[in-house]
Amino acid sequence: AALLLLVGAVSQSNAFVPSVSSASRSSSRAFMSTVDDKTEVREYFNNEGFSRWNKIYSESDDVNSVQLDIRNGHDQTIAKILRWIEADGDIKGKTVCDCGCGVGSLAIPLAQMGAKISASDISDAMAKEAGARAKSMGIKNAKFYTSDLESVTGKYNTVTCVDVAIHYPT
């Protein structure tokens, strides 16, 4: 049985969204907004966001109390997902697509469990960091690449997408 995991919180806050004066948009304007949102997210995670989130999702002691809370919460989420997957049966040899893989927090442990991983992130910096972490651990059954969610293709036993939607402004 295929398993699809979409995990994350979606905030009602629009702090990351520029205000829009018009109550409605044409379909082409909505498309342009989507493109602009992707560009904004991609640029953030390739620059300032990469430094911030890479530090949070590492063993660095150079984090403040809020970042430490985020790290601990993320670690708990990943541990819970791994327990679900273990309870579902042996993942060894099964294909997993991890969309929005970040630095590989979920993809790497799944690869260590024997899954065949295809992991992507909109941020080239994040995908490269995940690949470097996997390589440093001798993991050969995981491929990391740069892609937005809509461009991911393939057929997988399991698809995951953890803490991704929260970063998109609309």
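In what follows, the structure referred to is the one given above.
In this report, we go over the structure that sits alongside the text.

Rules and cut-offs
- Residues numbered from 1 in each chain as written.
- Predicted model: local features only at pLDDT ≥ 70, side-chain atom pairs only at ≥ 80, totals over all residues.
- Heavy atoms only, no water.
- 1 Å grid on protein atoms, 1.4 Å probe; cavity = no way out; pocket = protein on both sides within 12 Å on 5 of 7 lines; lining within 4 Å.
- Points joined across faces, edges and corners; volume = space filled by probe spheres on them.
- Helix = DSSP H or I, 4+ residues; strand = E, 2+ residues; numbered from the N terminus.
- Nonpolar A, V, L, I, M, F, W, Y, C, P; charged D, E, K, R; others polar.
- Polar contact = N/O pair within 3.5 Å; in protein donor to acceptor, adjacent residues only side chain to side chain.
- Salt bridge = Lys/Arg side-chain N within 4 Å of Asp/Glu carboxyl O.
- Buried < 20%, exposed > 50% of the residue type's maximum accessible area, 1.4 Å probe, protein only.
- Pairing = 2+ DSSP bridges.
- Right-handed = clockwise from strand over helix to strand, strands pointing away.
- Core = buried A, V, L, I, M, F, W, Y, C linked by side-chain atoms within 4.5 Å.
- Contact = heavy atoms within 4.5 Å.

Here the structure, examined in full by the defined rule, presents 1 cavity of 30 Å³ or more. Here the largest cavity is characterised by a volume of approximately 320 Å³. Elements supplying a minimum of two residues to the lining of the largest cavity: α1 (27-46) and α3 (65-88). For the lining of the largest cavity, the class distribution of residues is 14 nonpolar, 6 polar and 4 charged.

Bringing the environment of Asp 90 into the picture now. Mapped onto the secondary structure, Asp 90 falls in the loop between α3 and β2 (95-99). Note: C-alpha distance between Asp 90 and Gly 114 (24 residues apart in sequence) is 8.8 Å. One polar contact links the side chain of Asp 90 to the main-chain amide nitrogen of Lys 92, over a distance of 3.0 Å.

Turning our eyes to something else, we now look at the pattern of salt bridges. Going through the model one piece at a time under the given rule, you end up with 6 salt bridges. Between Arg 52 and Glu 48 there is a salt bridge whose closest N-O contact spans 2.6 Å. Of this pair, Arg 52 and Glu 48 both sit in helix α2 (residues 48-56), separated by 4 residues, roughly a single helical turn. Residue classification places Glu 48 among the partly exposed residues on the basis of a relative accessible area of 47%. Overlapping salt bridges bring together Lys 38, Asp 148 and Glu 150 as one network.

Further remarks concern the pairing of strand β4 (residues 142-146). Summarising the sheet, strand β3 (residues 116-121) and β4 pair through 5 bridges and their orientation is parallel. Looking at β4, one finds that Asp 121 is bridged to Thr 146. Chirality of the crossover, the property in question, places the unit of β3, helix α5 (residues 124-136) and β4 among those that are right-handed.

On to the nonpolar core. Ranked by size, the top nonpolar core spans 21 residues in total, and within it Leu 106, Leu 110, Ile 117 and Phe 144 carry the most contacts. Of all the secondary structure elements, the ones that give two or more residues to this core are α3, α4 (107-112), β3, α5 and β4. Ile 117 has contacts with Val 96, Ala 107, Leu 110, Ala 111, Asn 141, Ala 142 and Lys 143, leaving out every residue within four places of it along the chain. Ranked by size, the runner-up nonpolar core spans 10 residues in total, among them Val 41, Ile 56, Val 103 and Ala 125.

All we've got here are geometric facts, nothing functional implied.
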